[in-house]
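Here is what each chain is made of, one letter per residue.
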Amino acid sequence: MYDVIVVGTRVSGASLAMLLARKGYRVLAVDRATFPSDTPSTHYIHQAGLSLLKTWGLLDKVVATGCPPVRHLNFTYTDIDIRGMADPSADGIDAVYCPRRTVLDKILVDEAGTAGAELIEGFTVTGLLRDGDQVVGIRGRSGEGPEQEFRAKLVVGADGSASTVAKEVGAQVYEGSPAACFVYYSYYDGIDWGMNHRTGFGEQQFATWPTNDGLYLVAVMRKRERFREFRADPDAGVQEIVQQVDPELGARLLDTGERVEPFRPMLYPDNYRRQSFGPGWALVGDAGYHKDPFTGWGITDSFKYAQLLADLADESLSGGRPFEETLPEYQRERDAQSASTYELTTAISELSLTPYYDSVFRATSMSPDYTKKFFGLIAGLYPPEKYFGEVELAELYEQIGFPVDKRHVSKAEAAL
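Residues numbered from 1 in each chain as written. Predicted model: local features only at pLDDT ≥ 70, side-chain atom pairs only at ≥ 80, totals over all residues. Heavy atoms only, no water.

1. Brief notes about the overall build of the protein
Part 1: Broken down by element type, the protein carries 15 helices and 19 strands.
Part 2: Rg of the C-alpha trace for the protein: 22 Å, near the compact-globule value of 22 Å for 416 residues, within the 12% margin.
Part 3: For the protein, the spread of C-alpha atoms along the principal axes amounts to about 65 × 50 × 40 Å.
Part 4: When the 416 residues of the protein are sorted by exposure, 56% land in the buried category.
Part 5: Partitioning the contacts of the protein with sequence separation of at least 6, the portion at a separation of at least 24 is 71%.
Part 6: Within the structure as shown, the protein displays about 16,900 Å² of accessible surface, and the carbon and sulfur contribution to it stands at 50%.
Part 7: Between the centroid of the 42 positive side chains of the protein and the centroid of its 59 negative side chains there is a distance of 2 Å. (Helix = DSSP H or I, 4+ residues; strand = E, 2+ residues; numbered from the N terminus. Rg over C-alpha atoms; globule rule 2.2 N^0.38 Å. Buried < 20%, exposed > 50% of the residue type's maximum accessible area, 1.4 Å probe, protein only. Contact = heavy atoms within 4.5 Å. Areas by Shrake-Rupley, 256 points an atom, 1.4 Å probe, with all protein chains shown as cover. Lys, Arg positive; Asp, Glu negative; His and termini not counted. Charge placed at Lys NZ, Arg CZ, Asp CG, Glu CD.)

2. Focus on the packing of helix α9 (residues 298–317) against helix α10 (residues 323–348)
Part 1: One way to put it is that α9 packs onto α10 with a least axis distance of 9 Å and a crossing angle of 160°. When the axis of α9 is compared with that of α10, the two are roughly antiparallel. The hand of the α9/α10 crossing is right-handed. Residues Lys304, Tyr305, Leu308, Leu309, Leu312, Ala313, Glu315, Ser316 and Leu317 of α9 lie in contact with α10, whose contacting residues are Phe323, Thr326, Leu327, Glu329, Tyr330, Glu333, Arg334, Gln337 and Ser338.
Part 2: Taken together, the residues of the contact of α9 with α10 sort by class into nine nonpolar, four polar and five charged. (Axes fitted to C-alpha atoms, helices over the stretch in contact; angles between N-to-C directions. Parallel < 35°, antiparallel > 145°, perpendicular 65-115°, else oblique. Left-handed = near helix turned anticlockwise from the far one by under 90°. Nonpolar A, V, L, I, M, F, W, Y, C, P; charged D, E, K, R; others polar.)

3. Overview of the pairing of strand β3 (residues 73–77)
Part 1: Among the five residues that make up β3, five are buried, leaving the element largely enclosed by the rest of the structure.
Part 2: Where β3 lies against strand β4 (residues 80–84), five bridges are found, and the strand directions are antiparallel. Bridging from a neighbouring strand, Thr76 pairs with Asp81 of β4.
Part 3: The antiparallel hairpin formed by β3 and β4 contains two residues in its connecting segment, where Thr78 sits at a positive phi of about 50°.
Part 4: Where β3 and strand β11 (residues 196–200) come together, three bridges link them in parallel fashion. Residue pairing across strands places Thr76 opposite Arg198, the latter belonging to β11. (Pairing = 2+ DSSP bridges.)

4. Considering the packing of helix α11 (residues 355–365) against helix α14 (residues 390–400)
Part 1: Here α11 crosses α14 at 55°, and the two axes come no closer than 10 Å. In terms of orientation, α11 lies oblique with respect to α14. Between α11 and α14 lies a crossing of left-handed hand. Packed against α11, whose contacting residues are Tyr356, Ser359, Val360, Ala363 and Thr364, the element α14 presents Leu393, Leu396, Tyr397 and Ile400 at the interface.

5. Quick word on helix α7 (residues 234–245)
Part 1: Helix length check: α7 (12 residues) gives 16 Å between terminal C-alpha atoms against 16 Å at 1.5 Å per residue, within 8%.
Part 2: For α7, the secondary structure elements touched by its buried residues are β10 (181–189), β11, β12 (204–210), β13 (216–223), α6 (227–231) and α8 (247–256). (Expected span 1.5 Å × (residues − 1).)

6. Some remarks on the sheet that holds strand β9 (residues 173–177)
Part 1: With respect to topology, three strands assemble into an open sheet ordered β9-β16-β19, the strand pairing being antiparallel. Strands at the two margins of the open sheet, each flanked by one partner only, are β9 and β19 (289–290).
Part 2: Of the strand pairs in this sheet, strand β16 (residues 271–274) and β19 are connected by two bridges, and their pairing is antiparallel. Bridge pairing in β19 places Tyr272 opposite His290.
Part 3: Relative to β16, α10 is tilted by about 170°, and along the sheet it contacts β9, β16 and β19.

7. Regarding the environment of Arg332
Part 1: Locating Arg332 in the fold gives a position in helix α10.
Part 2: Spatially, the C-alpha atom of Arg332 lies 9.9 Å from that of Ser276, the residues being 56 residues apart in sequence.

8. Examining the nonpolar core
Part 1: Leu16, Leu53 and Phe303 are the most contacted members of the largest nonpolar core, which has 53 residues in total.
Part 2: If you tally residues by element for this core, the top one is α9, at 10 residues.
Part 3: Core analysis: the second largest hydrophobic core is formed by 48 residues, Tyr187, Met195, Tyr370 and Phe402 among them. (Core = buried A, V, L, I, M, F, W, Y, C linked by side-chain atoms within 4.5 Å.)

9. Side note on helix α1 (residues 11–22)
Part 1: A rise of 1.5 Å per residue sets the reference length of α1, with its 12 residues, at 16 Å; its end C-alpha atoms lie 16 Å apart and thus fit the reference within 8%.
Part 2: Of all the 12 residues making up α1, 11 are buried; the element is thus mostly covered by neighbouring parts of the structure.
Part 3: Within the sequence span of α1, burial applies to Val11, Ser12, Gly13, Ala14, Ser15, Leu16, Ala17, Met18, Leu19, Leu20 and Ala21.
Part 4: Taken together, the buried residues of α1 touch β1 (2–7), β2 (27–31), α4 (101–115), β8 (148–157) and α9.
Part 5: Gly24 lies just past α1 and shows a positive phi near 95°.

Here it is, written out as structure tokens:
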């Protein structure tokens, strides 16, 4: 009998298993994959996520893999250009990192095992065990082996957007919107451009950042309806997008860039929040909450809400409060803490700005002080209610002499 079974052991599940095992609980963590192995990802870890890795004692291990630090960020949206970096976090983190998932996930899985979690790789969950309405365990098999059953006080699905646990419990989506775009990415040699997040005219975007082994991830994004056209010749498509958004970098890509791995095409699932708790079960990571990769918050949110769930589950497992109280609190807190990021991501991932966001970001690019706040917002260090505050925006517009007819201090006012 386990205290917790975690289904899925990538950034959400491995983190949760590690944190609960460190608290002394008996944890079983299973995954269909074996590690190291790859998975689609932005790779990007914001300063807020790196702070958690540092708290967990794992940041130095990530840095030791040779993943280079990024200390200057470049965001453009058509003719709006915002460059800079957030101030160091309270614990001194002054960079972001974009490790490969073959590296990051293996570090987390190994640390979960070191903490005492039992790990079964190559294990496929075929169903859940129930006692009435209560989930009490899982059934599944390793490879072609016989079906096995394991029981626990809490079963957590950390198994991604196509979560088996979510399907088995019938977890319903209660907030959502359609995904707007597709993404193609791969790894390139001969590129040294720093971090770029560039959205151009014509509803297209490219992004680049350094990762392990001296390589750069190069990703492009367009509207989903152009996916079939793009996949006919993705190398030409990547070159075209980079060239159109930034002709100088397009020329450098053509001259020195060499793609060294196959493309990873991704039609992302819709944005959603699913019911993420019930009798004997919970969902974490993309199993319960997913948004477009545009803002690169997937890994950081996985860390944040694995920590949140671990802390609340600990209250129940230690006899403090029952799961009937802590699991609803987990979902409420996750939704409250992620609300602004979720709304911002879904609003700007269409690759075109509303008048409100156009005015806010255009004004930001004209103010060194507000630019610093922008990067603090992106890093998870500056409160969104202040960055988007009506009083603060009114002061910004006044300070930089922004055209009066273009000033928007609220989304509702801009929509009129």
